[in-house]
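Take a look at the letters that make up each chain.
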Amino acid sequence: MLQPIKHVLSEQLVVLASGSPRRKVILENAGLKFEVHPSTFEENLNKSLFNNPADYAKETAKLKGLEVSKRLHLKKVFPDLIISADTVITLDGKLFEKPKDKQEAFTTLTRFSGRSHQVITGVTLIQPQGDEHRVQASFHESTEVIFGSLTPEIIQAYVETGESMDKAGGYGIQALGSSLIECIHGDYFNVVGFPLHRFCKELVTLYTKDNG
């Protein structure tokens, strides 16, 4: 889908402001060439100040990208495009991010068992120009994930694999966690951590506008 603008992107410095290996693989498989500069933004926004989980995810993604943009500017590194993202899960009005420990992972997965939750990823595209750090696009994608009914023994055994600890909601759909999921409605890659199709649409629109 990026083929119409690939010749432009190939001559630019594109930065992924995330240390997520899953986002890196998704974008590499889409044919995008980029450098990885993980954000050091401390994800400590007050969730109660946001009207909905999507706004929280988008704001966190934006601040991650701006942190990288400003840090690289100080180092005299000037990217043409910075991509940042943040993934959260919501159920019963509560936001779930990466579990702090195995007990939290177990508690979270127990709540998900036999129920439907939403995976929301906010994405920001920034094009720095001089001292300005211009946010050109900010969007989100939501996917419904339905868990099977899981026994405590199954949940505990999964948590003990260690897969829970670096993933929003405490599971990975692309690995062992796939066996916990009955079905999804929406973008699979969004659950992995990056809404690829929506990103490509937004990027093509941005570069078509810039070069139109």
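Summarised in this report is the structure supplied together with it. (Residues numbered from 1 in each chain as written. Predicted model: local features only at pLDDT ≥ 70, side-chain atom pairs only at ≥ 80, totals over all residues. Heavy atoms only, no water.)

## A few points about the environment of A54
The condition is simple: By definition, any uninterrupted DSSP run of H or I lasting at least four residues is a helix, any uninterrupted run of E lasting at least two residues is a strand, and each is numbered from the N terminus. Type-normalised accessible area, obtained with a 1.4 Å probe on protein chains alone, sets the label of each residue: buried when under 20%, exposed when over 50%, and partly exposed for intermediate values. Whether two residues are in contact is decided by their heavy atoms: any pair within 4.5 Å suffices.
Within the fold, A54 resides in helix α3 (residues 53-74). Taking relative accessible area as the criterion, A54 reaches 9% and is therefore assigned buried. Separated by 56 residues in sequence, A54 and T110 place their C-alpha atoms 23 Å apart. Residue contacts for A54: discarding those within four places in its chain leaves I120 and H140.

## A closer look at the packing of aromatic side chains
Any pair of aromatic rings gets described here by the distance separating the centres and the angle formed by the planes. Our working rule: Aromatic rings from Phe, Tyr and Trp, taking only the six-membered ring of Trp, are treated as a pair when their centres fall within 6.5 Å; an angle between ring planes under 30 degrees marks them as stacked, one over 60 as edge-to-face, and anything in between as tilted.
If you walk through the whole model with that rule in mind, you get seven aromatic pairs. Taking the centre distance of 5.4 Å and the plane angle of 75° together, the rings of Y188 and F189 count as edge-to-face. Geometrically, the ring pair formed by F194 and F199 is edge-to-face, given 5.0 Å between the ring centres and 65° between the ring planes. Cluster of aromatic residues (ring-pair linked, three or more members): F96, F112, F147 and Y171.

## Let's talk about unusual backbone geometry
Phi is positive for K76, which is not a glycine, with a value near 65°. If you trace the backbone, K76 turns up in the loop between α3 and β3 (81-91). K76 gets classed as exposed once you look at its relative accessible area, which sits at 65%. Positioned with a positive phi, D92 is a non-glycine residue whose angle comes to about 55°. Along the chain, D92 turns up in the loop between β3 and β4 (94-96).

## A look at the pairing of strand β5 (residues 116-129)
Here is the rule we go by: A pair of strands counts as paired when DSSP detects no fewer than two bridges linking them.
Among the 14 residues that make up β5, 11 are buried, leaving the element largely enclosed by the rest of the structure. Where β3 lies against β5, nine bridges are found, and the strand directions are antiparallel. What sits directly across from V88, in β5, is I120. Summarising the sheet, β5 and strand β6 (residues 132-147) pair through 14 bridges and their orientation is antiparallel. Bridge assignment links Q118 to a residue of β6, and that residue is E144.

## Here's the deal with the pairing of β6
If you look at the hairpin formed by β5 and β6, you'll find two residues sitting between the two strands, and G130 has a positive phi there, around 65°. Across four bridges, β6 lies against strand β7 (residues 181-185) in antiparallel orientation. Bridging across to β7, I146 finds its partner in C183.

## Concerning the side chain of D187
How we decide: Under this rule, positive means Lys or Arg and negative means Asp or Glu; His and the chain ends count for nothing. A pairing counts as a salt bridge when a side-chain nitrogen of Lys or Arg comes within 4 Å of a carboxyl oxygen of Asp or Glu. Polar contacts here mean pairs of N or O atoms no more than 3.5 Å apart (in protein, one a potential hydrogen donor and the other a potential acceptor; neighbouring residues in sequence count only if both atoms are side-chain atoms).
Mapped onto the secondary structure, D187 falls in the loop between β7 and α6 (188-192). R198 provides the closest opposite charge to the buried, unpaired D187, separated from it by 9.1 Å. At 2.9 Å, the side chain of D187 forms a polar contact with the backbone nitrogen of F189. Here D187 is in contact with T143, P195, L196 and H197, once residues within four sequence places are set aside.

## Some remarks on the pattern of salt bridges
The final tally for this structure, using the stated rule, is 15 salt bridges. Note that E28 is salt-bridged to K24, the shortest N-O span being 2.6 Å. You can see E28 and its partner K24 sitting in helix α2 (residues 21-29), four residues apart, about one turn around the helix. Of the residues examined, K24 reaches a relative accessible area of 34% and is grouped as partly exposed. For K58, the salt bridge goes to D55, with nearest N and O atoms at 3.9 Å. Pair noted here: K58 and D55 are both in helix α3, with a separation of three residues, about one helical turn.

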